[in-house]
Each structure stands twice: as structure tokens, then as C-alpha cells.
Amino acid sequence: MGRALVELFYDVISPYSWLGFEVLCRYQHIWNIDLRFRPAFLGGIMQATGNKPPAMLPKRGEYMLKDLKRMAKYYQVPVQISENDFQRILGTSTLGAMRFITAIDMTQPQYVEPLSREFWMRFWSQREDISQPENMLAVAKQAGLSSELAQKLLEMISSPAVKNRLKETTEEAIKYGAFGMPAVVAHFNGEPHLFFGSDRLELLGSVIGEKWLGPVPSVPSPKM
């Protein structure tokens, strides 16, 4: 059986994407998969599909507040959320941040994982404004990028190449059927399988013939 390609379409404004991201990062060394990070723009998906942020419906917002706290504990991801965060989310654009991640994906893809994680950490644990250039540079430094590379990425986010790549990735997610994030697409038996949400990864494993070992699986010891 060949390795299954698993694509994760995500935006750092989405806390559920952070949960899915961390779990898939843990499983990429356990399951027979090739994990591909696909930074996209949630705002573009919402607009194209007519979807609305969960907090726009008060009762759903109340549930999301409790759900994220439970999920963060279960998945062992340091998401911090309060009622005040809903207005903060609605007032924040991650377009610059997602272009920044797209730029690193186009130039030094080995940094996509630590850079994305640090953006989530800044926004969802430390409540920082990740839309400001100086904060993007701070994120890049913390993720291990040189100041020269970080500055180059900052310049790249206004380039047509980066803008088009982000737009194309977002459109690709929509073509797969995405209406929100995280959107996980597993390519198995010659066809794509879309899974929405961080709580569908157990089902993903079942579809591709892999065993779910919980949100924090133990990495098997190498055989002697």
C-alpha cells in the first residue's frame, strides 16, 4: 500500500485548525502518510461559500467557548479563549500572516511548520496582533528564521506571485468542497476525501486504513 497524501488547508485565525495541525504533525511520523501544509485564506472561503463565523450566532458562540476549552485540554494544545476573543477575531485580518506563511512555503518550506505554530501561539495563547509587520518579524525570529530571510518574506507578501499562490490555494480548497477550516483532504485509492474539522481525524485514519491512537499518540520505538 502506497503512502497517502494528506493536505491540511488552514488559516491561523482558526483555533480548530491549530488543533488539527498539531495532531496531524504528531501522526505524520506514525501513519503511512505524506503531510502537506496548505496555507489558505479563511476569509476567501467564507465569502465564496456564504459561510458565517460561528460566533455570529450567539448560542453557537457560547458553545464554541466551552468546546474550545475542552478540545484544547483534550488535544493538549495551548489555545486560550474568552468571550472577548470573538470581537478580536472579527476585527483581525490574517491576510498578511497567511501571505507571509505562503512566502516561506514558496522559498523555504521546511519552516512552514514552526512558523505556522508560532503565529497560532502568538494569536491564540499570547493574544498578540499578528497583522502588524513588526509582530510578523518577531514570529519569524521565534520560529528560527534569520532576520534577513524574515525581511525578505515581509517584502514578498505584497508581490503578485505570493498573492496569486494564496488565492490559488484558497480556490483549490473550495474546489475540494471546503466551506470552513480546517479542511483536510486525504488522497486515497485515486480519489480525494474531504474532512472538515479537527474532530474528524479518527475517521480520516479509518478511511486510509490507519489506527487512531488518541490525540497524543506515543511514537513507536525504532526496531532493533
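None of the values given here were measured: they were computed from a predicted structure.

**With respect to the overall build of the chain**
The number of helices and strands found in the chain is 10 helices and four strands. For the chain, the α and β elements follow one another from N to C terminus as β-α-β-α-α-α-α-α-α-α-α-β-β-α. Taken against the 2.2 N^0.38 rule, which gives 17 Å for 224 residues, the C-alpha radius of gyration of the chain at 17 Å falls within 12% of a compact globule. With the C-alpha coordinates aligned to their principal axes, the bounding extent of the chain is approximately 45 × 45 × 35 Å. Counting all 224 residues of the chain, 47% fall into the buried class. Restricting to contacts in the chain with at least 6 residues of sequence separation, those with at least 24 account for 74%. Of the roughly 11,400 Å² of accessible surface on the chain, 52% is carried by carbon and sulfur atoms. When the 25 basic and 23 acidic side-chain charges of the chain are each reduced to a single mean position, those positions are 3 Å apart.

**What about the pairing of strand 2 (residues 33–39)?**
For strand 2, a buried count of five out of seven residues is recorded, marking the element as mostly surrounded by other parts of the structure. Pairing analysis gives seven bridges linking strand 1 (residues 4–10) to strand 2, with the strands arranged parallel. Paired with Leu 5 across the strands is Asp 34, a residue of strand 2. The handedness of the strand 1 to strand 2 crossover, carried by helix 1 (residues 15–27), is right-handed.

**Things to note about the packing of aromatic side chains**
In this structure the tally under the stated criterion is 13 aromatic pairs. When the centroid spacing of 4.8 Å and the interplanar angle of 50 degrees are considered together, the rings of Phe 21 and Trp 120 count as tilted. Of this pair, Phe 21 sits in helix 1 while Trp 120 sits in helix 6 (residues 112–125), and the two are 99 residues apart along the sequence. The exposure class assigned to Phe 21 is buried, which follows from its relative accessible area of 0%. Taken together, a centroid distance of 5.3 Å and an interplanar angle of 85 degrees make the contact between Tyr 74 and Tyr 75 edge-to-face. An aromatic cluster of at least three residues, connected via ring pairs, comprises Tyr 10, Trp 18, Phe 21, Phe 37 and Trp 120.

**With respect to the sheet that holds strand 1**
The strands making up a sheet associate through hydrogen bonds between their backbones, and the pairing can be parallel or antiparallel. Within the open sheet, the four strands sit side by side as 2-1-3-4. Their pairing is mixed. Looking at the sheet topology across the chains shown, the edges are occupied by strand 2 and strand 4 (191–196). For this sheet, the mean angle separating the axes of adjacent strands, direction not counted, is 20 degrees. Relative to strand 3 (residues 183–188), strand 1 is paired through five bridges, and the arrangement is antiparallel. Residue Leu 5 lies in a different strand from strand 3, and its bridge partner there is His 187. Most of the contacts of helix 5 (residues 95–107) go to strand 2, to which it runs at about 135 degrees, and overall it touches strand 1 and strand 2.

**Digging into the pattern of salt bridges**
Per the stated rule, a full pass over the model turns up 14 salt bridges. The partner of Asp 85 in a salt bridge is Arg 127, and the shortest N-O contact between them spans 3.0 Å. In this pair, Asp 85 is assigned in helix 4 (residues 85–90) and Arg 127 in the loop between helix 6 and helix 7 (133–142), connecting sequence segments 42 residues apart. Residue classification places Asp 85 among the buried positions, given a relative accessible area of 1%. The closest approach of N and O atoms between Arg 117 and Glu 113, which form a salt bridge, is 3.0 Å. Linking Arg 117 with Glu 113, this pair stays in helix 6, spanning four residues, or about one helical turn. With a relative accessible area of 23%, Arg 117 lands in the partly exposed category. Here Glu 113 falls in the partly exposed class, since its relative accessible area comes to 23%.

What counts and what doesn't
Residues numbered from 1 in each chain as written. Predicted model: local features only at pLDDT ≥ 70, side-chain atom pairs only at ≥ 80, totals over all residues. Heavy atoms only, no water. Helix = DSSP H or I, 4+ residues; strand = E, 2+ residues; numbered from the N terminus. Rg over C-alpha atoms; globule rule 2.2 N^0.38 Å. Buried < 20%, exposed > 50% of the residue type's maximum accessible area, 1.4 Å probe, protein only. Contact = heavy atoms within 4.5 Å. Areas by Shrake-Rupley, 256 points an atom, 1.4 Å probe, with all protein chains shown as cover. Lys, Arg positive; Asp, Glu negative; His and termini not counted. Charge placed at Lys NZ, Arg CZ, Asp CG, Glu CD. Pairing = 2+ DSSP bridges. Right-handed = clockwise from strand over helix to strand, strands pointing away. Phe/Tyr/Trp six-rings, centres within 6.5 Å; stacked < 30°, edge-to-face > 60°. Axes fitted to C-alpha atoms, helices over the stretch in contact; angles between N-to-C directions. Salt bridge = Lys/Arg side-chain N within 4 Å of Asp/Glu carboxyl O.

Spatial relationships are all this shows, so hold off on functional conclusions.
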